Amino acid sequence: MTVVARIEGPIGPGELIEKLERILQDNEVSLIAARAEREERDFTQTLRREQDAAFLKSSKADQEKERKRREEQDKIDQEKQRLVDEENKRKEMIQERERMKEELKIEIPEEPAVDDPDVVRIVLRLPHGSRTERRFLKNQSLKFLYYFAFCHEDCPDDFHVVTNFPEGLSPVNPQRTALIPLPLKRRG
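Caption draft 1: Just the state of the cysteines, in detail. Here the structure, examined in full by the defined rule, presents zero disulfides. Not part of a disulfide, cysteine 155 finds its nearest cysteine sulfur in cysteine 151, a span of 9.5 Å.

Right under this line is the structure:
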């Protein structure tokens, strides 16, 4: 704020109005410039606030887009990792199954002689139609039949042993170690 004039002492109303009008005329250019400067400053501040608000809105939109992009990338990465983990688990299961087959092959007893009176001949029909034959002793556990089938190269990894006569499903599993004798009788 600036002092543009001083009026001192007693003065009449007409003279006061005249002096004020002259002071106003003398300083009108300065007042117009000050008003213009204030309006420009207000306009600049308003414009800056609007620009800041627009920038903030744009910045938030960009941050949201980036957050969504990161989330999508995280989902993609997690799905890739899940697939890799599943594949690794599948490979581990295959390796474990192959290791188990090698261990079980060792446990299968030697095939008995054909002329042994306690021998039983077993014929296995594999899923693709071929047949394989093996002799076992009557007193040997069913687990050896299962081991033989499980370790056979043409047999699938997941299977059931089904008997034709008597018809039924044999309760065998490579994890079982109990001695279950073969429920078969010699023909003849």
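Caption draft 2: Summary view of the pattern of salt bridges. Across all of its chains, the model carries 14 salt bridges by this definition. Because the salt bridges share partners, they merge into one network encompassing Glu64, Arg67 and Glu71.

Caption draft 3: A look at the pairing of strand β2 (residues 131-137). Where strand β1 (residues 119-125) and β2 come together, seven bridges link them in antiparallel fashion. The residue of β2 that forms the bridge with arginine 121 is arginine 135. Linking two consecutive strands that pair antiparallel, namely β1 and β2, is a turn of five residues; a positive phi of about 105° is found at glycine 129 within it.

Caption draft 4: Fine view of the packing of helix α2 (residues 28-107) against helix α3 (residues 142-151). Orientation of α2 relative to α3, taken along the N-to-C sense of each, is 135°, at an axis distance of 9 Å. Comparing the axis directions of α2 and α3 gives the class oblique. Judged by the twist between their axes, the crossing of α2 over α3 is left-handed. Taking contact as the criterion, the partners of Arg97, Met100, Lys101, Leu104, Lys105 and Glu107 in α2 are, on α3, Phe144, Tyr147, Phe150 and Cys151. Class assignment of the residues belonging to the contact of α2 with α3 gives a composition of six nonpolar, no polar and four charged.

Caption draft 5: Seen up close, the nonpolar core. Ranked by internal contacts, the top residues of the largest apolar core, which has 20 residues, are Leu145, Phe150 and Phe159. At the level of secondary structure, the elements contributing two or more residues to this core comprise α2, β1 and α3. It is α3 that provides the largest number of residues to this core, a total of nine residues. Apart from the residues within four sequence positions on either side, phenylalanine 159 is in contact with Tyr146, Ala149 and Phe150.

Cut-off values and rules
Residues numbered from 1 in each chain as written. Predicted model: local features only at pLDDT ≥ 70, side-chain atom pairs only at ≥ 80, totals over all residues. Heavy atoms only, no water. Disulfide = S-S within 2.5 Å. Salt bridge = Lys/Arg side-chain N within 4 Å of Asp/Glu carboxyl O. Pairing = 2+ DSSP bridges. Helix = DSSP H or I, 4+ residues; strand = E, 2+ residues; numbered from the N terminus. Axes fitted to C-alpha atoms, helices over the stretch in contact; angles between N-to-C directions. Parallel < 35°, antiparallel > 145°, perpendicular 65-115°, else oblique. Left-handed = near helix turned anticlockwise from the far one by under 90°. Contact = heavy atoms within 4.5 Å. Nonpolar A, V, L, I, M, F, W, Y, C, P; charged D, E, K, R; others polar. Core = buried A, V, L, I, M, F, W, Y, C linked by side-chain atoms within 4.5 Å. Buried < 20%, exposed > 50% of the residue type's maximum accessible area, 1.4 Å probe, protein only.

By themselves, these are just geometric observations and shouldn't be taken as functional.
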